[in-house]
Structure formats: C-alpha cells, structure tokens
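Chain and residue survey
One-letter residues, chain by chain:
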Amino acid sequence: MRSFRTRLIVTIVVLVAATAIVLGAAAYLFVSSSLRSRLVAEAVDQANFNIAVLANERLPARPTLRDIERSGLAEAFARRGSAETVIDLGRRQTFVSALPLAAALDDLSPELRDRVARGEVAYQSIVLDERPYLVVGGRRLPSGPDLYFFFPSRDVEQAIDDLARGLLVAGLVLVALASLAAGAVARQVLRPVGAASAAAERIEAGD
C-alpha cells in the first residue's frame with residue numbers, strides 16, 4: 001500500500017512538473033523572441049532613417065573624417081536613440097563616437113560586414129565591456145561610407161533574464177504545491193482500498 005501511494009504521488013508530481021516545463025519554455029521562447037524582434041525592428045528602422053536622411057543631408061558624396069566630425073552626425077544619431085556610432089570610410093579610416101569603440105569593427109562578424117558592403121542593412125548582437133549591444137550596419141549608397149549603430153540591449157536582456165528566473169520560481173512553487181496536493185489526493189483515493197484491506201485481514205482472522 002505504501003509503495004503504491006508513493007508511486008501515485010510521484011506520478012502526479014512528474015506530470016505537473018512536465019506540464020510546467022512545457023508551458024514555461026513556451027512562454028519564455030514567445031516573450032523573449034517578441035522582445036528581441038521588437039528591438040531589432042525598431043533599431044533597423046532607426047538605422048535606415050539615420051543613413052537615408054541624416055547621413056545624406058549632412059555628408060558630401062565622398063566624406064572625410066573632418067567632414068564627419070564637423071557634421072555633428074554622431075550627436076544627431078545619439079539624440080535619435082543610437083548610443084554610439086562607428087563609421088568606416090575605408091582605407092583604414094574609421095570614425096568612432098567614443099574611444100571604447102576604437103576596435104569595435106574587429107568584433108563584428110565578417111558576414112555582417114560583407115552584407116553591409118553589398119548594400120544590405122544587417123544586424124548582430126555583441127558584448128563590449130560586458131555591455132550587450134545590438135549592432136545595425138548599413139551603407140550609404142552608392143559609395144559609402146559604412147555606418148554601424150550600437151543600440152544598448154541591456155534592458156531587453158535583463159527583462160528576459162528576469163522572466164526566466166520568474167518562471168523557474170513559479171515552476172518550483174507549482175511542483176511543491178503539486179506534491180502537497182498529490183499527497184492529499186493519494187490519501188483520499190487509497191482510503192477505501194485501505195479500509196477493504198483491513199476488513200479482509202479481519203475476516204481472515206475469523207472476525
């Protein structure tokens with residue numbers, strides 16, 4: 001009887017835990033994907049505007065580093081939501097809006113830089129100085145330069161981490177409650193069986 005009760009409790013708890021894992025994983029994937037997709041969509045829209053409007057308005061056809069510094073582009077980009085900017089002029093000439101980005105181009109994937117060189121708008125997630133960023137790059141057509149915008153993604157990643165911790169705690173609480181409920185259910189279910197067993201033992205003893 002005790003062994004059967006234990007198996008019943010374990011079965012109920014396992015079923016509840018499996019359900020919690022499936023639902024929690026689905027919720028995590030849906031919410032995290034939605035948050036990241038929203039960040040990407042907003043960043044790409046901003047990058048397109050920065051390149052097609054601001055860069056075209058303020059830069060000559062073949063800008064130099066001096067042209068970019070005088071244009072105030074980095075400040076204009078920052079006001080519209082891009083934390084920092086790297087502009088690749090080619091010929092080993094690079095403008096950076098902040099010194100920590102001096103070697104940022106080396107951290108970008110070759111695939112991202114190749115797509116930008118082909119005139120596409122592409123993006124990549126990276127971590128610089130322990131800070132997560134979404135980098136969106138694009139080329140001012142037809143001849144450049146290539147512009148890379150660094151959008152901070154710490155808030156989004158923090159929200160996703162908080163979601164994961166919340167789902168984990170909720171799952172553990174649910175399993176604990178399921179264990180208590182399973183014990184009560186097992187007692188109720190097995191009470192008639194226990195009574196019948198006791199009666200059989202009394203009959204066998206001659207009662």
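This report concerns the structure included in the present document. (Residues numbered from 1 in each chain as written. Predicted model: local features only at pLDDT ≥ 70, side-chain atom pairs only at ≥ 80, totals over all residues. Heavy atoms only, no water.)

A general trend in soluble globular proteins is that nonpolar side chains are found buried together. In this structure, Leu134, Val136, Leu147 and Phe149 are the most contacted members of the largest nonpolar core, which totals 24 residues. Ranked by the residues each element gives to this core, the list is headed by helix α1 (residues 2-58), at 8 residues. Ranked by size, the runner-up nonpolar core spans 14 residues in total, among them Ala104, Leu105, Ile126 and Tyr148. (Core = buried A, V, L, I, M, F, W, Y, C linked by side-chain atoms within 4.5 Å. Buried < 20%, exposed > 50% of the residue type's maximum accessible area, 1.4 Å probe, protein only. Helix = DSSP H or I, 4+ residues; strand = E, 2+ residues; numbered from the N terminus.)

Another aspect to go through is the environment of Leu128. Relative to the helices and strands, Leu128 is located in strand β3 (residues 122-128). C-alpha separation for the pair Leu128 and Asp107, spaced 21 residues apart in sequence, amounts to 8.6 Å. Excluding residues that lie within four positions of it along the chain, Leu128 makes contacts with Leu101, Ala104, Asp107, Tyr133 and Phe150. (Contact = heavy atoms within 4.5 Å.)

Glancing now at the pattern of salt bridges. The final tally for this structure, using the stated rule, is 8 salt bridges. Of the charged contacts, one joins Arg66 and Glu69 as a salt bridge, the two residues approaching to 3.8 Å between their closest N and O atoms. With Arg66 and Glu69 both in helix α2 (residues 65-71) and 3 residues apart, this pair spans about one turn of that helix. Residue classification places Arg66 among the partly exposed positions, given a relative accessible area of 48%. (Salt bridge = Lys/Arg side-chain N within 4 Å of Asp/Glu carboxyl O.)

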